[in-house]
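Summary of the model geometry
Given next are the chains, with one letter for each unit.
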There are 2 protein chains.
Amino acid sequence: MRVVLVATRNPLNVGAAARAMSNFGFSRLRVVNPYGTAFRDARSAVGAAELLTHAEEHTNVAEAVADCALVVGTTTARHRELQHPLRRLETGARVIRKQLGSGCVAVLFGSEKRGLSNEDLSHCHWLLHIPSREEHMSMNLGQAVAVCLYELVRDTKAEPEKEKSQLAAAGEVERITVALLDALRASGYLNPGSAAAAEEKVRRLVRRLNLRAGDAEVWLGMLRQILWKLRSER
Amino acid sequence: MRVVLVATRNPLNVGAAARAMSNFGFSRLRVVNPYGTAFRDARSAVGAAELLTHAEEHTNVAEAVADCALVVGTTTARHRELQHPLRRLETGARVIRKQLGSGCVAVLFGSEKRGLSNEDLSHCHWLLHIPSREEHMSMNLGQAVAVCLYELVRDTKAEPEKEKSQLAAAGEVERITVALLDALRASGYLNPGSAAAAEEKVRRLVRRLNLRAGDAEVWLGMLRQILWKLRSER
């Protein structure tokens, strides 16, 4: 995977792109005719200095993508006049991931002001757009790179919730319920001979807390202490 | 949904966060004790000036999240010492989307240097982390906000590929194949009485182009013109 920045104006944006690449595990940066030759010193590239040092500089897009089997341009436009197939990021990333299994992919980002030129686009197999809001589509370059790379590395089969397994066991929850009921009776909130319906209400109330295993112990300790105090005051 | 920036140091990052919010259709920004009071003028907030103007300023986290039913903190840490359940962005976003159907959600982002403090975290129900690389987890604040918001608005049932339907019809592809074969024979590439095997090879070659409907017509026109020229030269 190669990230290709074409005619980027602000060196800080080159740095921001490099940082996002490093965050998400990409290392091959190519720049085509950047404004300002000092882009390698970009201050916003926290932690990505080495990546910037090894960035390749090219004078035209053809050269920058020569070794890639798939060339994808990014655009904010989503109009019919485009001469290219257009994919939303969610769909396009899937195609890119597949292609990365068998060969190089270049993803091109145009300049902050004008995006990619028609000449740049003619080197692309298809175009990618980030699903931003119709009224404000134009994203900051560094943020656009970060979002695209995130979509490429995100876990497509995001793990189903495992937090449930950390929940307190029913027995522990019941001990808390009993301690709470005792405390409620001891405090006079419930009558000593309170109806089963009232008890059940409290039981359901405690279940809805979805107590975690580690917390249940703490709650039980607190309740027992309160209960001890309540009883010793009698 | 409220984006809450806590103790942000660089006003440009507040601006970048605001821009990403506008890109992805979020409007309620809250800032807690930002450094520099001039954050509303942030230059990087292209297109998000109004959003910045309406940003609410608070002096503590409790106040900034008071009306939210779910409070989520963002963190780069993914260690056991954390006192909170930790979710990857892909999973956490699903929970947030669900909650947004019934009430307010606050997502907190800490300062560039230190992230959220333990005091800030104590207001959170659980924590979110972006799946960045172990060796370089710390993201730029504006990019982190953009990635989180993108995950919240991304199409979770990304449309299956529809490009297939734009492919040229088999009849059109066959017309191209015939024209190509004629041209190959006329040019001497194939013998006039060439074997069926050679023809089939060409046929498969053309099929592998996966020609799009609009392009097929153009290719046919070009081939026919070449064929006409080849034949008129005889």
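Just above sits the structure.
An account of the accompanying structure is given in this report. Keep in mind it's a predicted model, so treat the numbers as computed, not measured. (Residues numbered from 1 in each chain as written. Chains lettered and ligands numbered in written order. Predicted model: local features only at pLDDT ≥ 70, side-chain atom pairs only at ≥ 80, totals over all residues. Heavy atoms only, no water.)

Within chain A, the regular secondary structure consists of nine helices and seven strands. Here chain A holds 234 residues, and the buried ones make up 47% of them. Taking contacts inside chain A between residues at least 6 apart in sequence as the whole, the part at least 24 apart equals 82%. For chain A, the computed accessible surface area is about 12100 Å², with 52% contributed by carbon and sulfur atoms. (Helix = DSSP H or I, 4+ residues; strand = E, 2+ residues; numbered from the N terminus. Buried < 20%, exposed > 50% of the residue type's maximum accessible area, 1.4 Å probe, protein only. Contact = heavy atoms within 4.5 Å. Areas by Shrake-Rupley, 256 points an atom, 1.4 Å probe, with all protein chains shown as cover.)

Next up on the list: the side chain of Glu151(B). With respect to the helices and strands, Glu151(B) occurs in helix H6 (residues 141-153). Accessibility expressed as a relative area gives 1% for Glu151(B), which makes it buried. Residues within four places of Glu151(B) in sequence aside, it is in contact with Tyr150(A), Arg154(A), Leu89(B), Glu90(B), Ala93(B) and Arg97(B).

A few words on the nonpolar core. Among the nonpolar cores identified, the biggest contains 80 residues, and Leu29(A) and Leu29(B) are the most heavily contacted of them. Ignoring any residue separated from it by four or fewer positions in sequence, one finds Leu29(A) in contact with Val3(A), Leu5(A), Val14(A), Ala18(A), Met21(A), Leu51(A), Leu52(A), Ala55(A) and Glu56(A). (Core = buried A, V, L, I, M, F, W, Y, C linked by side-chain atoms within 4.5 Å.)

Superposition record for chain B on chain A: RMSD 0.2 Å, screw rotation 180°, translation along axis 0.1 Å. On the angle and the small slide along the axis, the relation comes out as a two-fold axis. A high fraction, 98%, of the interface residues of chain B reappear at the interface in chain A, so the copies pair face to face through one surface. (Least-squares fit on C-alpha atoms with pLDDT ≥ 70 in both.)

Taken together, the 45 residues of chain B in the interface contact 44 residues of chain A. Both faces combined, the contact of chain B with chain A buries some 3600 Å², and carbon together with sulfur accounts for 47% of it. When the area that chain B buries against chain A is broken down by residue, the three leading residues are Asn23(B), Gln143(B) and Tyr150(B), summing to 18%. Counting across the chain B and chain A interface gives two salt bridges. Where Arg154(A) meets Glu151(B), a salt bridge forms, and the shortest distance between an N and an O atom there is 2.8 Å. Here chain B and chain A share 26 residue pairs in polar contact (both at pLDDT 80 or more) between them. (Buried area = accessible area lost by both parts, 1.4 Å probe. Salt bridge = Lys/Arg side-chain N within 4 Å of Asp/Glu carboxyl O. Polar contact = N/O pair within 3.5 Å; in protein donor to acceptor, adjacent residues only side chain to side chain.)

Of note, Arg212(B) is situated in the loop between helix H8 (196-207) and helix H9 (213-233). Expressed as a C-alpha distance, the spacing of Arg212(B) and Val173(B), which sit 39 residues apart in the sequence, is 9.6 Å.

Residue and element names in this part refer to chain A. Reading across the sheet, the seven strands line up as S3-S2-S1-S6-S4-S7-S5 and stay open at both edges, with parallel pairing between neighbours. In this open sheet, the two edge strands, each paired with only one partner strand, are strand S3 (56-58) and strand S5 (86-88). Mean inter-strand twist for the sheet, computed between neighbouring axes without regard to direction, equals 30°. Two strands pair when backbone bridges link them, and strand S4 (residues 70-74) and strand S6 (residues 105-109) are joined in this way by four bridges, in the parallel orientation. Note on S6: the bridge partner recorded for Val72 is Val107. Along the sheet, helix H1 (residues 11-23) makes contact with strand S1 (2-6) and strand S2 (28-32), crossing S2 at roughly 160°. Contacts between helix H4 (residues 89-100) and the sheet are confined to S4, S5, S6 and strand S7 (126-129), with S7 contributing the most and set at about 130° to the helix. (Pairing = 2+ DSSP bridges. Axes fitted to C-alpha atoms, helices over the stretch in contact; angles between N-to-C directions.)

Coordinates in, geometry out; function isn't part of it.
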